[in-house]
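Structural overview
Listed below, chain by chain, are the residues.
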Amino acid sequence: MTTRRTRPAPRPPEGTPPRAELARQARTVLADAVRIAHWAAGAPGPGTTAPLAAHALERAATALELSPAQVRAGWDRARLAGLIELHGDTARPGWRLRAWDRDDSAVLRGWVALFDAWSLVHAAPAGIEAGAVAEAVEAVPQVLSLLQLSAGPVTVPALLDLLGQRVAELHEERCEVPLGPGRPATAATAAGATADRPGPAAGTGGTDADLNALLLDWALEGLAAVGALTLGHGHATLTPLGNWAVWVKLEQICVAAQSPAGNIEQSAADMLLGCARLTPGPARDEYRAWLAARTVGSAVAELLAVARGQDALLRGLAFEALRVVGAPAEPEVRAVLAEPSLRPYALLWLAEYEGNDPDDAQDVLSREEATWLWVDTAAAVADHGETGLLVRHLDTAVQGTVPALLDEVRAVGHPRTVQVLVALAAAHPDPALAKAVRRAAFQVHTGGA
């Protein structure tokens, strides 16, 4: 870990504007989204569902002097950038909106979230099968890398050639046989595709080259729509924002390649176990390295699957890794609030994500949730820690006395309660207290009061 700790902070490419200027550009790109987010936060009864309800769309267009199309586009951008959060049918201001005017880092993270969601901002061509659209999205990082490394305009034919090569590689990796001209479209089209999109559809006699050209046009237009690049006559150029964002992602891949513990190739569970004894800083570096080698969606799903498992230590570490993911993980984390074993972790994650001080985040937990989390953490310590840590863990309980703690621990119904109490009784040096804990464990085990 010495090499990792002493690695100098990477410098962005020469000519990259300062962060303050990048943040100014990001604020410009998202100006309409910010206006709409403020309107939604302050308008009477702005509760809506996605997309924006018709009556709210009309009110916003009138109030903001924007066209309905501009309002609808700004609304979607505000949601994707974390400026608006939807809680059921109610729109609430996101934490980024509150920090927008004073925190350049929050602005840049919001714009990067929009950049990552470019394929949702710009509807995919109609009539193209979802698999072909997904392949194009998966190939776009190589297109962006070429644009970034070229440090200037790149012709569309060169980008098309690279896209075609990457799509062919994806087919080969999946052992697929090319279907040749006229790959059929299916009834399942890409999410959000619009029927009035011009251009040839797959299955109408076009070749794979025609399909790739159509998908490249869509991708370039989508990236231009979020401010990542500009389109000229037959060429494309990254904007300063786009150049910086691609450089950041390439740097993350370089960090991944230097992962000293080899965690990049591991499953989520093995990676988390490999990070268990690292201090927070190096552990976050390992999480970033592992995440950089995967798509956000698959990484979040794998981490949550581990969190649902039997190992309480991995449950806690999975949510630490999700903190590194940040905004893209928010919908999935919010979705697990209904799962009792994950709810306390998800509540703490969301509280910190929304800007609460980590020291105060515990306030969002009910007494029962805090007790459940105490037992879960004790289970992690009992399985992986030292006996002294388990004894000291007593001091972290919200209850003021051991008898009160034991009463509430018995009632909370954690599946590891008996094992935790037995381990605590064995570790505690006070014979009277150990006896009381053993009695509580026996009562839980036998179902007694």
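What follows deals with the sheet that holds strand E5 (residues 235-238). Whenever strands of a sheet pair, they do so through backbone hydrogen bonds, lying parallel or antiparallel. Strand order in the open sheet formed by 3 strands is E3-E5-E4, and the pairing between neighbours is antiparallel. One side of each edge strand has no neighbouring strand; the edge strands of this open sheet are strand E3 (154-155) and strand E4 (229-232). Relative to E5, E4 is paired through 4 bridges, and the arrangement is antiparallel. Bridge assignment links Thr-230 to a residue of E5, and that residue is Thr-237.

Turning next to unusual backbone geometry. Phi at Glu-65 is positive, roughly 55°, even though this residue is not glycine. With respect to the secondary-structure elements, Glu-65 resides in the loop between helix H4 (54-64) and helix H5 (68-80). Positive phi is not limited to glycine here, since Ala-151 has a value of about 55°. Turning to its location among the elements, Ala-151 is positioned in the loop between helix H9 (130-150) and E3.

Further remarks concern helix H7 (residues 104-116). Its 13 residues give H7 an end-to-end C-alpha distance of 18 Å, which sits within 8% of 18 Å, the value for a rise of 1.5 Å per residue. Listing the buried residues of H7 in full gives Ala-106, Val-107, Leu-108, Gly-110, Trp-111, Val-112, Ala-113, Leu-114 and Phe-115.

Let us look at the side chain of Arg-96. Along the chain, Arg-96 falls in helix H6 (residues 95-99). Owing to a relative accessible area of 3%, Arg-96 belongs among the buried residues under this scheme. Among all residues touching Arg-96, those that are not within four sequence positions of it are Ala-81, Gly-82, Leu-83, Ala-106, Arg-109, Gly-110, Ala-113 and Ala-327.

Scanning the model with the defined rule gives 4 aromatic pairs in all. With centroids separated by 5.3 Å and ring planes inclined at 10°, the aromatic side chains of Trp-111 and Phe-115 adopt a geometry described as stacked. A residue pair is termed a helical-turn pair when its members lie 3 or 4 positions apart in one helix, as Trp-111 and Phe-115 do in helix H7 at 4 residues. With centroids separated by 4.9 Å and ring planes inclined at 50°, the aromatic side chains of Trp-118 and Trp-218 adopt a geometry described as tilted.

For helix H21 (residues 402-412), the complete set of buried residues consists of Leu-405, Leu-406, Val-409 and Val-412. The arc enclosing the buried residues of H21, seen along the axis, measures out at 130°, which places them on a common side. Residues of H21 that are exposed and point over 90 degrees away from its buried face: Pro-403 and Ala-411. Structurally, H21 contributes buried residues whose contacts are with helix H19 (367-384), helix H22 (417-427) and helix H23 (431-446). Immediately beyond the C-terminal end of H21, within one or two residues, lies Gly-413, with a positive phi of roughly 80°.

Another point: the packing of helix H15 (residues 296-307) against helix H16 (residues 312-325). Relative to each other, H15 and H16 sit at 160°, their axes nearing to 8 Å. One element, H15, and the other, H16, form an angle in the roughly antiparallel class. Our pair here, H15 against H16, has a crossing hand that is left-handed. Of the residues in H16, those touching H15 at Val-296, Val-300, Leu-303, Leu-304, Val-306 and Ala-307 are Leu-314, Arg-315, Ala-318, Phe-319, Ala-321, Leu-322 and Val-325. For the contact of H15 with H16, the residue count by class is 12 nonpolar, no polar and 1 charged.

Low pLDDT means the predicted atomic positions in that stretch should not be read closely. Model confidence for the protein chain is summarised by a mean pLDDT of 79, while 82% of its residues fall at 70 or above. Contacts from residues 1-8, a stretch scored under 50 in pLDDT, to residues over four places away or in other chains number 14 contacts. Note that pLDDT drops below 50 for residues 176-205; the model gives that stretch 57 contacts with residues more than four away or on any other chain.

Rules used throughout
Residues numbered from 1 in each chain as written. Predicted model: local features only at pLDDT ≥ 70, side-chain atom pairs only at ≥ 80, totals over all residues. Heavy atoms only, no water. Pairing = 2+ DSSP bridges. Helix = DSSP H or I, 4+ residues; strand = E, 2+ residues; numbered from the N terminus. Expected span 1.5 Å × (residues − 1). Buried < 20%, exposed > 50% of the residue type's maximum accessible area, 1.4 Å probe, protein only. Contact = heavy atoms within 4.5 Å. Phe/Tyr/Trp six-rings, centres within 6.5 Å; stacked < 30°, edge-to-face > 60°. Arc of directions from axis to C-beta. Axes fitted to C-alpha atoms, helices over the stretch in contact; angles between N-to-C directions. Parallel < 35°, antiparallel > 145°, perpendicular 65-115°, else oblique. Left-handed = near helix turned anticlockwise from the far one by under 90°. Nonpolar A, V, L, I, M, F, W, Y, C, P; charged D, E, K, R; others polar. pLDDT = per-residue confidence, 0-100.

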